Every structure is written in structure tokens, then in C-alpha cells.
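Chain by chain, the residues:
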Amino acid sequence: MLSPLHKQLLNNYQQDFPLTATPYLSIAEQLGVSEDQVLSAFQSLSQQNYISRIGPVITPNSIGASALVAMAIPEADLQRVADLISAYPNVNHNYERENRFNLWFVLMADDSGQLETLISEIEQQTGYAAMLLPMLADYYINLGFELNLND
Amino acid sequence: MIDDLDYQLLAAVQQGLPIVARPYLQIAEQLGLDEQQVIDRLVRLKNQALIKRWCVVVKHRPLGYRANAMIVIAVPMALIDSIAAKIIQHSFVNLCYQRPQQGERWPYNLYCMIHGKDRDTVLQQWAELQQACELSQYRSEILFSRRCFKQRGAIYQPKP
């Protein structure tokens, strides 16, 4: 179970994390607890896989090029293809979705040329066609998740 | 402008800030910088909007947001911005993007995400969205996620 401190750490710093020499102490002061409590709480959240990282969310396409990619893979071959794709360091967010296009992932590259090269390589390696879906406009992003402190 | 050192810094922090009392000092020592330079550069990259957020990145699945739906809609290009503007007024919509149509095999150009606690709630929210934004007249599909093979922040290699 998550303690109230764990929930506050998850809720309150999804938009902004202190850029001060001692950020965990800054948080401790904001929440009225000790720096050691904050450090050990973040360590346990990280070990228990509640947080992906403390760090940057990069503005899409501000560095290099990226695109969402979709593939239609027969069910029996899906795990093999998914593993091949996950092995690429350029790939993140590799998901199965309920659709004829059942494999969805984000591919990152230095530029659009490298993106095309990677896609051809993936198509060749897996034996299936890939549909490249770069972002053309970003209307909104809110990836904050609110935890009920009373749960 | 960003320089090679910025790329090295982004490469050093993208897997996550160390959970120690002086995390920026630890990063600085890896890069041969001092602590304040690391902080100043991160502040600048944020001001330049290259870093969209500097934050705790939470994983949604372990937190009980297990129903994750990507909704794709084929809308007329002339109306796409105004339809998107209506969609994002709904607080349960987490993301909304335009992506290129792929002919008949995938005619959709508007994408939005709903991360919900369960499938029924998400389906209700989608019904509500269709009604409020008059989306029923357009072709659409809802794609729930099933297995997550990999979830990780973007990886940027430092420039050689």
C-alpha cells in the first residue's frame, strides 16, 4: 500500500521537480518531513515500479525526429516481432492494441532520413510492413495522474 | 542554441536523476562540470522549451489506470483544429494529436488518448465525447491497449 507521503510524491511533482542543489530536501521542506524520508520513499517508488524516472520529458521533435509506428502482425507471431522491436534502443512505448493493427510503438531517430532507414530495417527484419505516423499537430498533453489521498 | 554538452547532459539524465542528496552534483561529476552549471543548463533547456517538463514521470499501469484507449477519428481537414479544440475541453482526454491519413487502410487523422481505471468507464467517456463533439458522423475506432512490451522515456544519443 502507498503511504500518504508516497502519494504526495507521486501527485505533486508530475509537472515540476525542483532544480535546486538539494531537490529532495526542498521537497522535504515543502511536505514537512525529513530529507531521508523523501529519499527512501522515492527509492521504494522506483523499486516498486511506480515511477519511470525523475527527469526530462522532451518536447516531441525538438531533438531529432520521432514517429508513432503501427504494424499488423498475426497473433501467433506477435511476441517474436514485439521482442525484436523492443530490442531497438530507438524504440519506446511498445504496446499491443486490440485492432488489426495490433502493434504500436514510438520510434526515435536523429533525423527523418534515419527514421526511414530504421523503418526499412524493421520491416526487413520482421517480415511485416510498418505504417509511419509522425505527429503533425499536438493539441494538448496532460499526462498527470491524480491519486486519491484517501484511498 | 544547444551545444554538444547539452546533448551529453540530456543523455546523462534521460534514464533518471539519481535518488541521492546531491543528484545534480553526481551528474556534474560524470560530465566534468560543476553542480551549478548542470542546474543552469537544465533551467535553460526548460526555458528553451526543449525540456517540456522536468518532473517525476509516473507509470500509469501500476497506479490503477489499466484501461488505456487510443481513439482514432477521420475528420475533414478543414474542421480538424476546431474539433480538436472541443475534444481537449474534456478533462478525461490525456492526449490529442493530428497524424497523417494513410488512405483507405487507415483513414484517420485525429488521435486522442483516454487513460481510465476500467474499460466501462472509458467506453462511457468515449460515448460522452462523441455526443458532445458530434463525432458519430465520422469514421472512428477505439483501440484498447493489451500487453505493454516496453515503456521508457525517449533515448537521445549524444552527438558523436
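Residues numbered from 1 in each chain as written. Chains lettered and ligands numbered in written order. Predicted model: local features only at pLDDT ≥ 70, side-chain atom pairs only at ≥ 80, totals over all residues.

In this sheet, strand β5 (residues 140-150) of chain B lies alongside strand β3 (residues 91-97) of chain A in antiparallel orientation, the contact comprising three bridges. By the bridge assignment for β5(B), A:Tyr95 is matched with B:Cys148. Looking at chain direction, strand β2 (residues 67-73) of chain B and β5(B) are connected through five bridges and run antiparallel. Within β5(B), the residue paired with B:Ala69 across the bridge is B:Phe144. (Pairing = 2+ DSSP bridges. Helix = DSSP H or I, 4+ residues; strand = E, 2+ residues; numbered from the N terminus.)

Before going further, it helps to spend a moment on the pairing of strand β4 (residues 110-116) of chain B. Residues and elements named next belong to chain B. Within β4, seven of the seven residues are buried, which leaves the element mostly enclosed by the surrounding structure. Covered by surrounding structure in β4 are Leu110, Cys112, Ile114 and Gly116 together with Tyr111, Met113 and His115, the residues of both alternating faces. For β2 and β4, the ladder comprises seven bridges, and the chain directions are antiparallel. Bridge pairing links Ile73 to Leu110 in β4. Two elements, strand β3 (residues 95-98) and β4, share four bridges in a ladder whose sense is antiparallel. Bridge pairing in β4 links Leu95 to Met113. (Buried ≥ 20, exposed ≤ 12 C-beta atoms within 10 Å, placed from the backbone.)

Along its sequence, chain A is organised into domain 1 (4-47) and domain 2 (65-133). Here domain 1 of chain A and domain 2 of chain A have C-alpha centroids that lie 36 Å from each other. (Domains from an automatic or database assignment.)

Next up on the list: the interface of chain A and chain B. Of the residues lining the interface, 60 residues belong to chain A; the matching set on chain B comes to 57 residues. Counting residues per element, the ones that place at least two in the side of chain A that touches chain B are α1 (4-12), α2 (23-31), α3 (35-47), β1 (51-58), α4 (78-86), β3, β5 (130-133) and β6 (137-141) of chain A. In terms of residue class, the side of chain A that touches chain B is made up of 35 nonpolar, 18 polar and seven charged. As defined by bridge partners, β1(A) adjoins strand β1 (residues 51-58) of chain B across seven bridges and the pair is classed as antiparallel. (Contact = placed C-beta atoms within 7 Å. Nonpolar A, V, L, I, M, F, W, Y, C, P; charged D, E, K, R; others polar.)

Here we come to the nonpolar core. Of all hydrophobic cores here, the largest spans 30 residues; its most connected members are A:Leu9, A:Leu45, A:Ile51, B:Val38 and B:Val56. Per element, the largest residue contribution to this core is five residues, and it comes from β1(B). Excluding residues within four positions of it along the chain, B:Val38 makes contact with B:Leu9, B:Tyr24, B:Ile27, B:Ala28 and B:Leu33. With 22 residues, the next largest nonpolar core counts A:Val81, A:Ile85, A:Ile122 and A:Ala130 among its residues. (Core = buried A, V, L, I, M, F, W, Y, C linked by C-beta atoms within 7 Å.)

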